[in-house]
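# Remarks on the overall topology
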Amino acid sequence: MTSGNIEKEVVSNHSGSPQPFTFHPVDRLSRRSSMTPGKKLQGLVAATITPMTPDGQINLSVIRQYVDYLVSEQNVKNVFVNGTTGEGLSLNIQERKQLAEEWVCQGKDKLDHVIIHVGALSLPESQELARHAAAIGASGIAVIAPFFFKPTNKDELIAFLQQVASEAPAVPFYYYHIPPLTGVKVCVEELLDGIKEWIPTFQGVKFSDTDLLDLAQCINKNEREQFAFLYGVDEQLLSALAIGADGAVGSFSLGNFSTLSSN
């Protein structure tokens, strides 16, 4: 997403058993989600970049302008924060928390969904970020597969995801599937078989892979579950929509998809 003012100020980027869940209050933010409760995640979801100052610090001061630009000029009311576009895994935990807080705060009464990516190589760090997202009122969390010591099968991947999701037991959970970066090639169709038994809050997938056959099988076999399937490869978005994807998460560099955002 680019525009004159936003581009000038924002575009510089930063190059076992679950434990009991507890809230950690955060100033300025309600524990309840300030977004649209119960509304399915669909249409366009902006993968937000991380605004930086010239000296390499995160620039929280432009998040309000960023939100207003997305809503007023692009008709986009859903965001995916601290993901690949935002270089979340290159940020430290405190920076990720600050960004999450600011997006939730500035998105109140403006955005329908603020999804916070809480994935990390360290399980405890991912769990900490999940608890934080719940405490600040995020409308959903997403988790990438760990990609150094990789899960080699469905059961190992589900075990990791479940231990993160259990730290935010009232927050919708999304799996962030991006095998070109993680190297974790567990088919999503296989992963979703019985997923609700392990993760009751599971709501869908950010599907960032070119395997449209896997995506189509996911959509066809899980119609009753009403999962959200958001596609994450801009170049193949139209093909994904043709086979039933609910929308897209990305930068949408190919052009203006305002028609999709309005549906």
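The text that follows walks through the structure, step by step, so that each part is easy to find. Everything numeric here is computed off the predicted structure, so don't read it as measured data.

### Overview of the overall build of the protein
Helices and strands together make up the secondary structure of the protein, namely eleven helices and eight strands. Taken across its 263 residues, the protein has 53% of its residues classed as buried.

### Concerning the pattern of salt bridges
According to the stated counting rule, one finds six salt bridges in the structure shown. A salt bridge links Lys97 to Glu128, with the nearest nitrogen and oxygen atoms 2.6 Å apart. With Lys97 in helix H3 (residues 93-107) and Glu128 in helix H4 (residues 123-136), this pair connects stretches of sequence that are 31 residues apart. Classification of Glu128 as partly exposed rests on a relative accessible area of 29%. In this structure, Glu189 and Lys221 form a salt bridge, with 2.3 Å as the shortest nitrogen-oxygen distance. Of this pair, Glu189 sits in helix H7 (residues 188-191) while Lys221 sits in helix H9 (residues 212-221), and the two are 32 residues apart along the sequence.

### Points about empty space enclosed by the protein
One number sums up the size of the largest cavity: a volume of about 60 Å³. Leu41, Val45, Phe80, Ile115, Tyr174, Val205, Lys206, Leu230 and Val249 together form the lining of the largest cavity. Considered class by class, the residues forming the lining of the largest cavity number eight nonpolar, no polar and one charged.

### Some details on the sheet that holds strand E5 (residues 173-177)
The sheet built from eight strands closes into a barrel, its strands ordered E1-E2-E3-E4-E5-E6-E7-E8 with parallel pairing. Between one strand axis and the next, the sheet turns by 25° as a mean value, whatever way the strands run. Alignment of strand E1 (residues 43-47) against strand E2 (residues 78-81), held across two bridges, turns out to be parallel. Each residue of the ladder has a partner; that of Ala46, found in E2, is Val79.

### Side note on a negative patch on the surface
Negative charge collects at one region of the surface, where Asp155, Glu156, Glu190, Asp193 and Glu197 lie side by side. By the secondary structure assignment, Glu190 is in helix H7.

### As for a nonpolar patch on the surface
Judged by side-chain polarity, Leu121, Phe148 and Phe149 come together as a nonpolar surface patch covering roughly 410 Å² of accessible area. One can find Phe149 in the loop between strand E4 (140-144) and helix H5 (154-165).

### Digging into the environment of Glu125
Note on placement: Glu125 falls in helix H4. The class for Glu125 is partly exposed, based on a relative accessible area of 35%. When neighbours within four sequence positions are excluded, Glu125 is seen to be in contact with Ile93 and Ala120.

### Looking at the side chain of His113
Looking at where His113 falls in the secondary structure, it is placed in strand E3 (residues 113-117). Of note is the side chain of His113, whose polar atom sits 2.9 Å from the backbone oxygen of Lys39.

### Quick notes on the pairing of strand E7 (residues 228-231)
Residues in a regular strand project their side chains so that they alternate between the two faces of the sheet. Because side chains alternate across E7, one face comprises the buried residues Ala228 and Leu230, and the other comprises Phe229 and Tyr231, equally buried. The pairing of strand E6 (residues 202-207) with E7 spans four bridges and is parallel. Considered in E7, the bridge of Phe207 is made with Tyr231. Read as a crossover between parallel neighbours, the route from E6 over H9 to E7 is right-handed. What joins E7 to strand E8 (residues 247-250) is helix H10 (residues 237-242), and the crossover it makes is right-handed.

### What to know about the state of the cysteines
Evaluated as defined, the whole model comprises zero disulfides. For the unlinked cysteine Cys187, the closest cysteine sulfur is that of Cys218, found at 8.2 Å.

Quick notes on the rules
- Residues numbered from 1 in each chain as written.
- Predicted model: local features only at pLDDT ≥ 70, side-chain atom pairs only at ≥ 80, totals over all residues.
- Heavy atoms only, no water.
- Helix = DSSP H or I, 4+ residues; strand = E, 2+ residues; numbered from the N terminus.
- Buried < 20%, exposed > 50% of the residue type's maximum accessible area, 1.4 Å probe, protein only.
- Salt bridge = Lys/Arg side-chain N within 4 Å of Asp/Glu carboxyl O.
- 1 Å grid on protein atoms, 1.4 Å probe; cavity = no way out; pocket = protein on both sides within 12 Å on 5 of 7 lines; lining within 4 Å.
- Points joined across faces, edges and corners; volume = space filled by probe spheres on them.
- Nonpolar A, V, L, I, M, F, W, Y, C, P; charged D, E, K, R; others polar.
- Pairing = 2+ DSSP bridges.
- Axes fitted to C-alpha atoms, helices over the stretch in contact; angles between N-to-C directions.
- Patch = residues over 30% accessible without salt bridge, like charges linked within 9 Å, V, L, I, M, F, W, Y side chains within 5 Å.
- Areas by Shrake-Rupley, 256 points an atom, 1.4 Å probe, with all protein chains shown as cover.
- Lys, Arg positive; Asp, Glu negative; His and termini not counted.
- Charge placed at Lys NZ, Arg CZ, Asp CG, Glu CD.
- Contact = heavy atoms within 4.5 Å.
- Polar contact = N/O pair within 3.5 Å; in protein donor to acceptor, adjacent residues only side chain to side chain.
- Right-handed = clockwise from strand over helix to strand, strands pointing away.
- Disulfide = S-S within 2.5 Å.

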